[in-house]
Amino acid sequence: MTGPPCGSLLDYKTAKFSVTRNRRVGLLHRLLQLSALGYLLGWVLLLRKGYQERDAAPRVAVVTKVKGAAAAEAAGRRLWDAADLTWPPQGENVLFLVTHFTATIQQAQGTCSESPSVLDGMCTEDADCPLGKPVVHGNGIKTGKCLMFNTTHSTCEIYGWCPVENDTLPRKPLLAEAENFTIFIKNTVHFTKFNFSKCNTLQTTDPSYFKNCTYDPVFNPSCPVFRVRDMVEAAGKNFGDLALLGGIIRVLIEWNCDLDHPAAQCQPQYSFRLQDTMYNFSVSHRTASYYWGSQRQLYRNLLKLYGIRFDLSVHGQSFLSRAGENGLSHLKKNLLVMSRGGRFSSLKAGAVKCSVGKATMVCDLILLYLDAKADLYWKGKFEEARPPKGRPEATA
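We now turn to the structure provided with this report. Being a predicted model, the structure only gives us computed values, none of them experimental.

Let's shift gears to the overall build of the protein. Assigned secondary structure in the protein consists of eight helices and 16 strands. Going through the 396 residues of the protein one by one, you find that 35% of them count as buried. Surface accessibility of the protein: about 25,400 Å² in total, with carbon and sulfur atoms responsible for 55%.

Turning our attention to the packing of aromatic side chains. The tally for this structure, following the rule as stated, stands at nine aromatic pairs. Between Tyr209 and Phe210 the ring centres are 5.1 Å apart and the planes differ by 75°, which places this aromatic pair in the edge-to-face class. Residue Tyr209 is classed as buried on the basis of its relative accessible area of 18%. Phe210 gets classed as partly exposed once you look at its relative accessible area, which sits at 27%. Between the aromatic rings of Phe226 and Tyr270, the centroid separation amounts to 5.0 Å while the plane-to-plane angle is 70°, which identifies the pairing as edge-to-face. On the criterion of sequence distance, the pair formed by Phe226 in strand S10 (residues 225-227) and Tyr270 in strand S12 (residues 268-277) is long-range, its members being 44 residues apart. Exposure class is identical for Phe226 and Tyr270. Each is buried. An aromatic cluster is built from Tyr215, Phe226, Tyr270 and Phe272, whose rings are joined through pairwise contacts. Taking NZ or CZ as reference, Arg296 lies 4.9 Å from the ring centre of Trp292, over its face.

With respect to the element layout, Leu298 can be found in strand S14 (residues 298-320). Along the backbone, Leu298 and Gln109 are 189 residues apart, and their C-alpha atoms lie at a distance of 7.7 Å. Leave out the neighbours within four places in its chain, and Leu298 touches Gln107, Ala108, Trp161, Tyr290, Tyr291 and Trp292.

Here we take up the side chain of Ser313. Looking at the element boundaries, Ser313 is found in strand S14. On the basis of relative accessible area, Ser313 is assigned to the buried category, the value being 17%.

Let's shift gears to a nonpolar patch on the surface. A surface patch of nonpolar side chains, amounting to about 390 Å² of accessible area, comprises Leu27, Leu31, Leu34 and Leu37. Position of Leu37 relative to the elements: it lies in helix H1 (residues 23-47).

This part takes up unusual backbone geometry. In this chain, Cys162 is followed by Pro163 through a cis amide linkage whose omega measures -5°. Along the chain, Pro163 falls in the loop between strand S7 (154-162) and strand S8 (182-191). For Arg296, which is not glycine, the phi dihedral falls at a positive 60°. Along the chain, Arg296 turns up in the loop between strand S13 (287-292) and S14.

The subject of this paragraph is the pattern of salt bridges. One pass over the full model with this rule turns up four salt bridges. Linking Glu165 and Arg286 is a salt bridge whose minimum nitrogen-to-oxygen distance equals 2.9 Å. Taken as a pair, Glu165 in the loop between S7 and S8 and Arg286 in the loop between S12 and S13 lie far apart in primary sequence, 121 residues in all. With relative accessibility at 15%, the residue Glu165 sits in the buried group. Note on Arg286: relative accessible area 38%, which makes it partly exposed. With a closest N to O distance of 2.9 Å, Asp311 and Arg309 form a salt bridge. One exposure class covers both Asp311 and Arg309, and it is buried.

With that settled, consider the pairing of strand S5 (residues 94-113). Along S5, 15 of the 20 residues are buried, which leaves the element largely enclosed by surrounding structure. Both S5 and S14 contribute to a ladder of 12 bridges, which runs antiparallel. Paired with Ala103 across the bridge in S14 is Leu303. Sheet topology places S5 next to S7; six bridges connect them, and they run antiparallel. The residue of S7 that forms the bridge with Ser113 is Glu157.

Parameters and conventions
Residues numbered from 1 in each chain as written. Predicted model: local features only at pLDDT ≥ 70, side-chain atom pairs only at ≥ 80, totals over all residues. Heavy atoms only, no water. Helix = DSSP H or I, 4+ residues; strand = E, 2+ residues; numbered from the N terminus. Buried < 20%, exposed > 50% of the residue type's maximum accessible area, 1.4 Å probe, protein only. Areas by Shrake-Rupley, 256 points an atom, 1.4 Å probe, with all protein chains shown as cover. Phe/Tyr/Trp six-rings, centres within 6.5 Å; stacked < 30°, edge-to-face > 60°. Lys NZ or Arg CZ within 6 Å of the ring centre and 35° of its normal. Contact = heavy atoms within 4.5 Å. Patch = residues over 30% accessible without salt bridge, like charges linked within 9 Å, V, L, I, M, F, W, Y side chains within 5 Å. Salt bridge = Lys/Arg side-chain N within 4 Å of Asp/Glu carboxyl O. Pairing = 2+ DSSP bridges.

Purely geometric stuff here, so don't read any function into it on its own.
Put into structure tokens, the structure is as follows:
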């Protein structure tokens, strides 16, 4: 007798539980279950504290102050202090420290030869210097004359600030003493979710503490006064090399606060990374000081500055366990595990149950396909239920 035209399409299958007396598979099953449970209790809950709520968007505020003095012989002996060496302000969380410079003194508006380092200023005759045309990447406007600059070069005469800018850079940084300058970095974070604020400065009644301390990651980690040379060396660079042409150092301040512990244990961690070298501040900025001469002639002293730029970046996160119903609700709602983008990521409820269920699936595969008695297990697990003979199958 042939079966129904739809074959097994209309068959109904239901789960059947079979007890198998196989100690090896049974032991493997329990080990897999314990591994999943151990991951949940040991790693997620105890080590990673997945029961805590997290605030990863604190409000931050940073204040910096530079202290120190250095003397330079270029353009006459001059004393440079923090007001001179931290010029100019560049925006929030950015600090530029001058370490080297070139000076062109007593410039006055008039006519002179263009520098031979400017290609558009080179000439062989007056026709190469059209009157009134600005010199591309130069220092003034052409007057129509070609002059002998020296025995080997001829350049166009220009109207501008004369003499033209000195672009000969000394081989040693003129402000090498800047390595002993100190930078006071005051940082405050506020975690709005938990209404918790913390400052990186030590709470002390000694007014001279910050004047005498210097940051050390081992012996003095609570002092927010950093010596410039230490910061450069922590970034893996020598101060003398970096000070010559300049560079960019990123100062990273990280807060990881477990608010289940006393607030005193919430302390920042500092790291320093070299972002770029040969940072030439004079590419887009120069500074000049103007004054009047004895003949009522306007003069200026032009400085082309090189230095180290410190970019301050603050990141933080805080964790807190909620007591009572809020804490249980948070734990039930989110099973927290490690992820690439952050400390934790949320998984759907039942993730652990799914992991434990995989243990059963693995053991089933071993019994049904790899065990020597696979045929016996297969017959015991999959059984077809037929109606007794002489009684037709019930139809709906």
